[in-house]
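Single-letter residue listing:
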Amino acid sequence: MPVKDYLRLRFLPHIWCPGCGHGIVMSGMIRAIEEIGLEKNEVVVVSGIGCSSRMAGYLDFHTMHTLHGRALAFATGVKLGRPDLTVIVPMGDGDALAIGGNHFIHAARRDIDLTAVIMNNRIYGMTGGQGSPMTPQGMRSTTAPRGIADAAFDLVELAKGAGASFVARTTTFHATELTRMIEKAIRHKGFSVVEVMSQCPTYYGRQNRLGNGVEMMKGFRDNTTSIGSKKREARPDLIERGIFVDEDRPVYSPEGLKAD
Amino acid sequence: MDKEGKVVINREWCKGCGICVAFCPEEALILDPEEKAYWAHPEKCKRCGLCELRCPDIAIELVQK
Ligand SMILES: Cc1ncc(C[n+]2csc(CCOP(=O)(O)OP(=O)(O)O)c2C)c(N)n1
Ligand code: SF4
Ligand code: SF4
Ligand code: SF4
């Protein structure tokens, strides 16, 4: 069925700015769910707070719009109570890695069967462009108008180190890859992390003179490459896209807890 | 490719970001004077569906007849 049929039409058009990447991620997520063939009743979307987190309001599944940074804690509860349901957690980089960083590493360590889709726009969009733990060194935000001195997290390395059993990265430019990766992440049993490099033209783009949504997506096209590509020999600064971890491990479950 | 399909734009939802226009491989789309996407060159369109995949506003759809 068309993507529109998975949306709560009374809330559309959505509030995201022109050219914001989050809508591309929402559309990719819907296509992935459609491809797997899940019924609306079989999916729970749990989000925190942020522009990205508003996705839970638009999607016509079971949805919970919870507290900033705490979505994974709520999602863990849902999954333990109803292991038969597919639980997806759309997150912002601030939501997942600043206020929610502790929930994130422990959800990964426990390897609970959830899918975290992290829209990494390298900024706090909703609150006006403050820096996040994903703002790269030297880049500007309202909290670091001359550029941030701190180093950013590498989300893929962080998720790997914390124990996630599926870790992937893509961008809003690579829309076909995006759908395919979210599909694989949902099918995977265990904690799945998909980092989607997304654009916030309104704050991150403007503050760093990166242009509008189109220009920022050209940046994703020109500054990323597939894992293992030869292009990185000449340009080691290219960010890798692809699936970094995909391991089958026993999954955390209420049954497992009961076993002594 | 199915040359029968049609690209349909929802003008109520389109925010004129220009993403579909910029990345259409066949230059089949334009932004009209009201800053809405417009399927100006159906004859060039290959019905690849990329515009639909990349639209952040779910405002453009490749509809198969
Ligand atoms: C406990 C708490 N602290 C702070 C806030 C304010 N707040 C709302 S959204 C947000 C950050 C949003 O950034 P991100 O998660 O990266 O999502 P984006 O808006 O960029 O999609 C903050 C700090 C809040 N809502 N609740
Ligand atoms: S402020 Fe940034 S993240 Fe929020 S809707 Fe606008 S472009 Fe998107
Ligand atoms: S279907 Fe493909 S060729 Fe046709 S308008 Fe859309 S992007 Fe362009
Ligand atoms: S990508 Fe979507 S919102 Fe942007 S101009 Fe095209 S139809 Fe309009």
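The structure we're discussing is the one just above.
Procedures and definitions
- Residues numbered from 1 in each chain as written.
- Chains lettered and ligands numbered in written order.
- Predicted model: local features only at pLDDT ≥ 70, side-chain atom pairs only at ≥ 80, totals over all residues.
- Heavy atoms only, no water.
- Helix = DSSP H or I, 4+ residues; strand = E, 2+ residues; numbered from the N terminus.
- Rg over C-alpha atoms; globule rule 2.2 N^0.38 Å.
- Buried < 20%, exposed > 50% of the residue type's maximum accessible area, 1.4 Å probe, protein only.
- Contact = heavy atoms within 4.5 Å.
- Areas by Shrake-Rupley, 256 points an atom, 1.4 Å probe, with all protein chains shown as cover.
- Lys, Arg positive; Asp, Glu negative; His and termini not counted.
- Charge placed at Lys NZ, Arg CZ, Asp CG, Glu CD.
- Polar contact = N/O pair within 3.5 Å; in protein donor to acceptor, adjacent residues only side chain to side chain.
- Axes fitted to C-alpha atoms, helices over the stretch in contact; angles between N-to-C directions.
- Parallel < 35°, antiparallel > 145°, perpendicular 65-115°, else oblique.
- Pairing = 2+ DSSP bridges.

> What is the right way to read the overall build of chain A from this model?
In terms of helices and strands, chain A carries 11 helices and 8 strands. Its C-alpha radius of gyration of 17 Å places chain A within 12% of the 18 Å reference for a compact globule of 260 residues. Projected onto the principal axes, the alpha-carbon positions of chain A cover approximately 55 × 45 × 35 Å. A buried classification covers 54% of the 260 residues belonging to chain A. A separation of at least 24 residues holds for 68% of the contacts in chain A among residues at least 6 apart in sequence. With the model as given, the accessible surface of chain A reaches about 11,100 Å², and the carbon-plus-sulfur share is 52%. Between the averaged position of the 31 positive side-chain charges in chain A and that of its 27 negative side-chain charges there is a distance of 6 Å.

> Please clarify how the environment of A:His62 should be interpreted in this entry.
All names here are of chain A. Positionally, His62 belongs in strand β2 (residues 62–65). Separated by 57 residues in the primary sequence, His62 and Met119 place their C-alpha atoms 21 Å from one another. Excluding residues that lie within four positions of it along the chain, His62 makes contacts with Lys40, Asn41, Val43, Val44 and Val45. Looking at His62, its side chain comes within polar contact range of the side chain of Asn41, at 3.1 Å.

> Help me understand the packing of helix α5 (residues 101–110) of chain A against helix α6 (residues 155–162) of chain A in this model?
How two helices pack is summed up by the angle between their axes together with the distance between the axes. All names here are of chain A. Here α5 crosses α6 at 50°, and the two axes come no closer than 7 Å. Considered as vectors, α5 and α6 are oriented oblique to each other. In this structure, α5 uses Phe104, Ile105, Ala108 and Arg109 to contact α6, whose residues at the interface are Leu155, Leu158, Ala159 and Ala162.

> I keep staring at the sheet that holds strand β1 (residues 43–47) of chain A and nothing clicks. Help me out?
Strand pairing in a sheet relies on backbone hydrogen bonds, with the paired strands running either antiparallel or parallel. Residues and elements named next belong to chain A. One open sheet holds the 8 strands; their spatial order is β2-β1-β3-β4-β6-β5-β8-β7, and the pairing between them is mixed. With partners counted over all chains shown, the strands left at the sheet margins are β2 and β7 (224–226), one partner each. The mean angle between the axes of side-by-side strands here comes to 20°, regardless of whether they run parallel or antiparallel. As paired elements, strand β5 (residues 166–171) and strand β8 (residues 239–246) share 4 bridges and run antiparallel to each other. Residue pairing across strands places Ala168 opposite Ile243, the latter belonging to β8. The strands touched by helix α3 (residues 71–81) within the sheet are β1, β2 and β3 (86–92), with β3 carrying the most contacts at an inclination of about 180°.

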